[in-house]
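A closer look at the structure
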Amino acid sequence: MSAARKLLIFGGLALAAFGMLYGLHYALFIEHQTLDRMGGSLATAFVDAAERNLPAARLAIDQYTQTKYDYVRQVDAHSHWIGLAMLMIVFGAVLERLAFTERTRFVIAVALALGSFSFPGAVLLQSFTHGNPLSSALAVAGSALVIGAMAAAVVGFTRQRS
């Protein structure tokens, strides 16, 4: 088994396990409190709006918006880690069919692994650094690595068929 294949298969398994453990931790210890905050913020906003207290209603909606923003990123990171892990495993299984040298396959594997680990991590970082362009830039860079690796794979499969 080549180094690139090992990296993708075992890295994908590790990433899937990490994503699942993160999701379990989030579901057990964080998610219910987050959903309670979201529901409470909306209920408060509706009550304040019914009482014609618009500044308080806007504040409650702003609290809901911030909580929802964080919630979506937490769930997205968990699901993206697992989805990208599955992609790494499948790609590792067919890696030898690419019409590239072993070194090029390894570079593609490293790019896919780095992107698969870093993209969801950067999305999660956006929860803690809301509005910071660095976390957005890291997310874009991670997704660019994944897209670049996949584009290279398409080229490699196309070359092999020719």
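Report on the accompanying structure. Computed from a predicted model, the values in this text were never measured in an experiment.

Across its full length, the chain holds five helices and zero strands. Ordered by position from the N terminus, the helices and strands of the chain form the series α-α-α-α-α. Relative to the globule expectation of 15 Å for 162 residues, the C-alpha radius of gyration of the chain, 21 Å, shows a markedly less compact shape. In terms of overall dimensions, the chain has C-alpha extents of about 70 × 30 × 25 Å along its principal axes.

So, about the packing of aromatic side chains. A full pass over the atoms with the stated rule returns four aromatic pairs. Consider the rings of Y22 and W81, whose centres lie 5.6 Å apart with planes at 75°: the pair is edge-to-face. Linking Y22 in helix α1 (residues 3-29) with W81 in helix α3 (residues 54-94), this pair joins segments that are 59 residues apart in sequence. Residue class for Y22 comes out buried when judged on its relative accessible area of 15%. You can call W81 buried: its relative accessible area is 5%.

Bringing the nonpolar core into the picture now. One recurring pattern in soluble globular proteins is that nonpolar side chains are buried together. L8, F91, L98 and L112 are the most contacted members of the largest nonpolar core, which totals 30 residues. Of all the secondary-structure elements, those providing two or more residues to this core are α1, α3, α4 (102-128) and α5 (133-161). A per-element tally of this core places α4 first, with nine residues.

Non-glycine residue R52 carries a positive phi angle of around 60°. Mapping R52 onto the fold places it in the loop between α2 (31-50) and α3. For R52, a relative accessible area of 76% corresponds to the exposed category.

It is at 8 Å that the axes of α2 and α3 come closest, and there the two elements cross at 160°. Taken together, the axis directions place α2 and α3 in an arrangement best described as roughly antiparallel. As α2 runs across α3, the sense of the crossing is left-handed. Contacts between α2 and α3 involve E31, T34, L35, R37, M38, S41, L42, T44, A45, D48 and A49 on the former and, on the latter, A56, A57, A60, I61, Q63, Y64, T67, K68 and Y71. Here the contact of α2 with α3 is composed, by residue class, of 11 nonpolar, five polar and four charged.

Relative to the elements of secondary structure, S135 occurs in helix α5. By relative accessible area, S135 is classed as buried at 2%. Among the polar contacts listed, one links the side chain of S135 to the backbone oxygen of N132, at a separation of 3.0 Å. Filtering out sequence-adjacent residues up to four positions away, S135 remains in contact with A122, L125, Q126 and T129.

Parameters at a glance
Residues numbered from 1 in each chain as written. Predicted model: local features only at pLDDT ≥ 70, side-chain atom pairs only at ≥ 80, totals over all residues. Heavy atoms only, no water. Helix = DSSP H or I, 4+ residues; strand = E, 2+ residues; numbered from the N terminus. Rg over C-alpha atoms; globule rule 2.2 N^0.38 Å. Phe/Tyr/Trp six-rings, centres within 6.5 Å; stacked < 30°, edge-to-face > 60°. Buried < 20%, exposed > 50% of the residue type's maximum accessible area, 1.4 Å probe, protein only. Core = buried A, V, L, I, M, F, W, Y, C linked by side-chain atoms within 4.5 Å. Axes fitted to C-alpha atoms, helices over the stretch in contact; angles between N-to-C directions. Parallel < 35°, antiparallel > 145°, perpendicular 65-115°, else oblique. Left-handed = near helix turned anticlockwise from the far one by under 90°. Contact = heavy atoms within 4.5 Å. Nonpolar A, V, L, I, M, F, W, Y, C, P; charged D, E, K, R; others polar. Polar contact = N/O pair within 3.5 Å; in protein donor to acceptor, adjacent residues only side chain to side chain.

Bear in mind that shape data such as this cannot, by itself, settle questions of function.
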